[in-house]
Amino acid sequence: MADRKATLQIDGQSIELPVLSPAAGKDVVDVRTLGKHGYFTFDPGFLATGSCESAITYIDGENGVLLHRGYPIGELATKADYLEVCYMLLHGEAPNEKQYTEFKDTITKHTMVHQGIHNFFNGFRRDAHPMAMLCAVTGALSSFYHDDLDIHDENQRLRSAYRLIAKIPTIAAMAYKFSIGQPFVYPRNDLGYAENFLNMMFSVPAEDYKISPAVARAMDRIFTLHADHEQNASTSTVRLAGSSGANPYACIAAGVASLWGPAHGGANEACLRMLAEIGSVENIPKYIEKAKDKNDPFRLMGFGHRVYKNTDPRATVMRESCHEVLKELNRDDPLLDVAMELERIALEDDYFIEKKLFPNVDFYSGIVLKAIGIPTNMFTVIFALSRTVGWVSHWHEMMGEANQKIGRPRQLYTGYTKREFTPIKK
């Protein structure tokens, strides 16, 4: 990988640094030896820093490419279901029929949580945010599996990964049910992954919940389209926590906490708040002009993407599911009318086309979740549910490395240099 060298000239020194070439993407300069020469790199936000090697996900934002294990996201979302993608992210290859059946059966039979988990929810305030509950209960799972947490044993790592993929939807639905004062609904082994989640969310003891195939398909696609997104803030958090040898449940809880930040996991929720601010179709022209005005603080949320400089490859698939769900449910909701008109304008207006401000996956997934009846405070919970497989896949990959090291970033110190301390009495 390191056939070429980059030369750094500094203070009369000539330092040679290897240039590494990836399987796809931009070459990287290996700066690991800089410390021996008395220097470190400074890169706040890690905007130009590769923190690890990974074979899981590849993103080419400039050309709108997202690959999981080499497979385009559009093909996975239309030709595979979420559990197939989960298997592939974890194991590196798409499953054959036997492997898929065994994997699906294993996940299905691990969806129940220990009865003691129910007691955790009694300690929360009734108005606790669902993400607070998800974060706390996810971390607490380690107390139920303390005898199966050898992170250096691949089989134990995989069992932990399977448990997390299986139980996070159950815990997410429990958080929702607790927040609205309804009894918890147990998972059912006769339902698929997405159907089971919807049933735990919306069924009640008094009557059965009829699961719409279109809604279940859209839910499965939302899971798939958010399954992994390379080295983002939450995935890097999971890796950094895992590098210390922390157990997988603590690492995933750390990922949940990172995702909770509005700059990361709150994009589709922000879209809904924007639609509510616009209010009605009649107000759209005014807000379009505000969005075009550089001096106006208003921004159209859900259009464009900081990673994808072209079309978000996930949005194309999600758009299809969005229209399918809206057609089937036929909801009379003014916010959905605003969303559809905004979409029409964005796809036709020269300003949006020139700036490449196309609707992204957060725009469409937010609309779908609202149409299904999921409240906005649950949007990030569903994001975390979807992303759990990505987190555990990266954690599992990292823990399998022969020379895995604890993360220890450096800093550019800007405080006082050494000075004398004066006792308080003086």
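Residues numbered from 1 in each chain as written. Predicted model: local features only at pLDDT ≥ 70, side-chain atom pairs only at ≥ 80, totals over all residues. Heavy atoms only, no water.

The protein is annotated in an unreviewed UniProt entry as Citrate synthase of Idiomarina abyssalis. UniProt annotates the protein under Catalytic activity (unreviewed entry) with the comment "oxaloacetate + acetyl-CoA + H2O = citrate + CoA + H(+)". According to the UniProt record, the Pathway (unreviewed entry) comment for the protein reads "Carbohydrate metabolism; tricarboxylic acid cycle; isocitrate from oxaloacetate: step 1/2." (UniProt positions renumbered as here; feature names shortened; annotations may be inferred.)

The next subject is the packing of helix H9 (residues 233-243) against helix H10 (residues 248-259). The interhelical angle for the contact between H9 and H10, taken along N-to-C directions, is 150 degrees, at an axis separation of 8 Å. For the element pair H9 / H10, the angle class is roughly antiparallel. Here H9 runs over H10; the crossing is right-handed. Across the interface between the two elements, Ala 233, Ser 234, Thr 237, Val 238, Ala 241 and Gly 242 from H9 touch Cys 251, Ile 252, Ala 254, Gly 255, Ser 258 and Leu 259 from H10. (Axes fitted to C-alpha atoms, helices over the stretch in contact; angles between N-to-C directions. Helix = DSSP H or I, 4+ residues; strand = E, 2+ residues; numbered from the N terminus. Parallel < 35°, antiparallel > 145°, perpendicular 65-115°, else oblique. Left-handed = near helix turned anticlockwise from the far one by under 90°. Contact = heavy atoms within 4.5 Å.)

Glancing now at the layout of surface pockets. What the second largest pocket holds in volume is close to 190 Å³. Across the lining of the second largest pocket, the residue classes break down as eight nonpolar, no polar and three charged. (1 Å grid on protein atoms, 1.4 Å probe; cavity = no way out; pocket = protein on both sides within 12 Å on 5 of 7 lines; lining within 4 Å. Points joined across faces, edges and corners; volume = space filled by probe spheres on them. Nonpolar A, V, L, I, M, F, W, Y, C, P; charged D, E, K, R; others polar.)

A few words now on helix H7 (residues 193-202). Extensive coverage of H7 is indicated by the burial of nine of its 10 residues. Turning to H7, its buried residues number three or more, namely Tyr 193, Ala 194, Asn 196, Phe 197, Leu 198, Asn 199, Met 200, Met 201 and Phe 202. In this structure, the buried residues of H7 make contact with helix H2 (82-91), helix H3 (97-108), helix H6 (154-179), helix H8 (213-225), helix H16 (361-372) and helix H17 (379-399). (Buried < 20%, exposed > 50% of the residue type's maximum accessible area, 1.4 Å probe, protein only.)

We now examine the nonpolar core. Inside soluble globular proteins, nonpolar side chains tend to come together where they are buried. Ranked by internal contacts, the top residues of the largest apolar core, which has 115 residues, are Phe 121, Phe 197, Met 219, Phe 223, Leu 300, Leu 342 and Ile 374. Top element by residues in this core is H6. It accounts for 14 residues. (Core = buried A, V, L, I, M, F, W, Y, C linked by side-chain atoms within 4.5 Å.)

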